[in-house]
Amino acid sequence: MRIERVDEKTVKCFLSNEELEEYEIDYKDFVMRSDKAREVVQEIIEQAAEEVGYKPPKFAFDLQIMMLPDQGLILTFSDRDPEIKESDQFIECLREMKRILQRTREKIGAGSADSGEESADAAAKDKNQNAAEGTKRGREQQESRPGFAVFAFAELGRIIEFASMLPSNLQVESRVYVMDGLYFLYLLKGRASYERYSRACIQAMEFASLYAAEPGQTAQLEEHGECLIAEKALKKLRR
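Residues numbered from 1 in each chain as written. Predicted model: local features only at pLDDT ≥ 70, side-chain atom pairs only at ≥ 80, totals over all residues. Heavy atoms only, no water.

### Observations regarding the pattern of salt bridges
- Taken as a whole, this structure holds two salt bridges when the rule is applied.
- With a shortest N-O distance of 3.1 Å, Glu161 and Arg158 are connected by a salt bridge. Taken together, the residues Glu161 and Arg158, both in helix α7 (residues 156-165) and three residues apart, mark about one turn of the helix.
- Classification of Glu161 by relative accessible area gives partly exposed; the value is 30%.
- For Arg158, a relative accessible area of 27% gives the class partly exposed.
- Close ionic contact of Glu222 with Arg175 constitutes a salt bridge, the shortest N to O distance being 3.9 Å. (Salt bridge = Lys/Arg side-chain N within 4 Å of Asp/Glu carboxyl O. Helix = DSSP H or I, 4+ residues; strand = E, 2+ residues; numbered from the N terminus. Buried < 20%, exposed > 50% of the residue type's maximum accessible area, 1.4 Å probe, protein only.)

Structure follows, in structure tokens:
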């Protein structure tokens, strides 16, 4: 269990697949808020208090779950700060997942390459970094914005509730899968403005947990899950 203090009101905890097996718990338990998951969350909070001085709010805190396929998951505990825009929190949540997955891929690549390949990779990496630094800042910010997210819902009814809250003219793309008793909503930016798409994702996190932040992380779901609604899922489920 690795705990990281993000700021005064936020901590992240990484649980590996091995640790999840030791606790005899999986991602579904956290989505369903089972008693077992509550016990693990309480243990994490106590450990965070000892290791990094985390002080959870007296009444309630936000808990976000990010699945890292083949690695484990990340639990983020935070006290919502009214001065921080919710869209910023959403973007940072997805970026954190991407950073962790990128670091893991780099470690795997470094371990399998010989010294000559490593030197070539390092040179190529430096070249790419220099090229990236030459691009315009506005373009970099635009490209860094995530336009894809998958959310796990405990029940299909929760997706219906979420869909009923969204504007009828919201031009996002969406589809629904089911796997292991959970329902997964793919939410893509589509033709919607980024502000409206971001707001929709923030609302989704009130009903569900974040499962993935880019298409490459959904192989298991697409291979083993069943697609219930292939397109315009939110529009079809709207009450």
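On we go from here.
### Brief notes about the nonpolar core
- Core analysis: the biggest nonpolar cluster contains 34 residues, and Leu15, Tyr27, Phe30, Leu75, Phe77, Phe184 and Tyr211 have the highest contact counts within it.
- Take this core: its biggest share by element is six residues, from helix α3 (residues 35-52).
- If you look at the next biggest cluster of nonpolar residues, it comprises 30 residues, including Ala163, Leu166, Leu185 and Leu210. (Core = buried A, V, L, I, M, F, W, Y, C linked by side-chain atoms within 4.5 Å.)

### Let's talk about the sheet that holds strand β4 (residues 72-78)
- Pairing in this open sheet of four strands is antiparallel, and the strands run β1-β2-β4-β3 from one edge to the other. Two strands lie at the open edges of the sheet, namely β1 (2-7) and β3 (62-68), each paired on one side alone. Averaged over neighbouring strand pairs, the angle between their axes works out to 20 degrees when direction is ignored.
- With seven bridges connecting them, β3 and β4 associate as antiparallel partners. (Pairing = 2+ DSSP bridges. Axes fitted to C-alpha atoms, helices over the stretch in contact; angles between N-to-C directions.)

### Section: the sheet that holds strand β6 (residues 173-179)
- Strands sit in the order β8-β5-β7-β6-β9 across an open sheet of five strands; the sheet is antiparallel. Strand pairing shows two members of the sheet lacking a second neighbour, β8 (209-212) and β9 (226-229), which therefore form its edges. Here the average twist between neighbouring strands, direction ignored, is 35 degrees.
- Pairing geometry for strand β5 (residues 148-153) and β8, over three bridges, is antiparallel.

### Examining α7
- For α7, the set of buried residues is Ile159, Phe162 and Ala163. Along the axis of α7, the buried residues cluster in a sector spanning 100 degrees; they form a single face.
- Looking at the buried residues of α7, the elements they touch are β5, β6, β7 (182-188), α8 (194-204) and α10 (233-237). (Arc of directions from axis to C-beta. Contact = heavy atoms within 4.5 Å.)

### Topic: the layout of surface pockets
- Estimated volume of the second largest pocket: approximately 370 Å³.
- What lines the second largest pocket is a set of 19 residues, and nearest its centre among them are Leu170, Gln171, Val172, Glu173 and Lys232.
- Breaking the lining of the second largest pocket down by element, the ones donating at least two residues are β6 and α10.
- Residues belonging to the lining of the second largest pocket are distributed by class as follows: eight nonpolar, four polar and seven charged. (1 Å grid on protein atoms, 1.4 Å probe; cavity = no way out; pocket = protein on both sides within 12 Å on 5 of 7 lines; lining within 4 Å. Points joined across faces, edges and corners; volume = space filled by probe spheres on them. Nonpolar A, V, L, I, M, F, W, Y, C, P; charged D, E, K, R; others polar.)

### What about α8?
- With eight of its eleven residues buried, α8 lies for the most part within the structure.
- Among the residues of α8, those classed as buried are Tyr194, Tyr197, Ser198, Ala200, Cys201, Ile202, Gln203 and Ala204.

### Quick word on a negative patch on the surface
- A surface patch of like charges, here negative, comprises Glu43, Glu46, Glu50 and Glu51.
- In this fold, Glu46 is placed in helix α3. (Patch = residues over 30% accessible without salt bridge, like charges linked within 9 Å, V, L, I, M, F, W, Y side chains within 5 Å. Areas by Shrake-Rupley, 256 points an atom, 1.4 Å probe, with all protein chains shown as cover. Lys, Arg positive; Asp, Glu negative; His and termini not counted. Charge placed at Lys NZ, Arg CZ, Asp CG, Glu CD.)

### Some remarks on the pairing of β1
- As paired strands, β1 and strand β2 (residues 10-16) are joined by five bridges and run antiparallel to one another. Bridge pairing in β2 links Arg5 to Val11.
- Between β1 and β2, which follow one another and run antiparallel, lie two residues.

### So, the environment of Gln220
- As for its position among the elements, Gln220 is in helix α9 (residues 219-224).
- For the pair Gln220 and Met179, spaced 41 residues apart in the sequence, the C-alpha separation amounts to 9.7 Å.
- Excluding residues that lie within four positions of it along the chain, Gln220 makes contacts with Met179 and Gly225.

### What about the packing of aromatic side chains?
- Inspection of every chain in the model, using the stated rule, returns six aromatic pairs.
- Their ring planes at 50 degrees and their centres at 6.0 Å tell us that Phe162 and Phe207 sit as a pair that is tilted. Of the two residues, Phe162 sits in helix α7 while Phe207 sits in the loop between α8 and β8, which places them 45 residues apart along the sequence.
- The exposure class of Phe207 is buried, given its relative accessible area of 15%.
- Plain terms: the ring middles of Tyr177 and Tyr186 are 5.2 Å apart, the flat faces sit at 40 degrees to each other, and that makes the pair tilted.
- Exposure remark for Tyr177: the relative accessible area of 11% places this residue in the buried category. (Phe/Tyr/Trp six-rings, centres within 6.5 Å; stacked < 30°, edge-to-face > 60°.)

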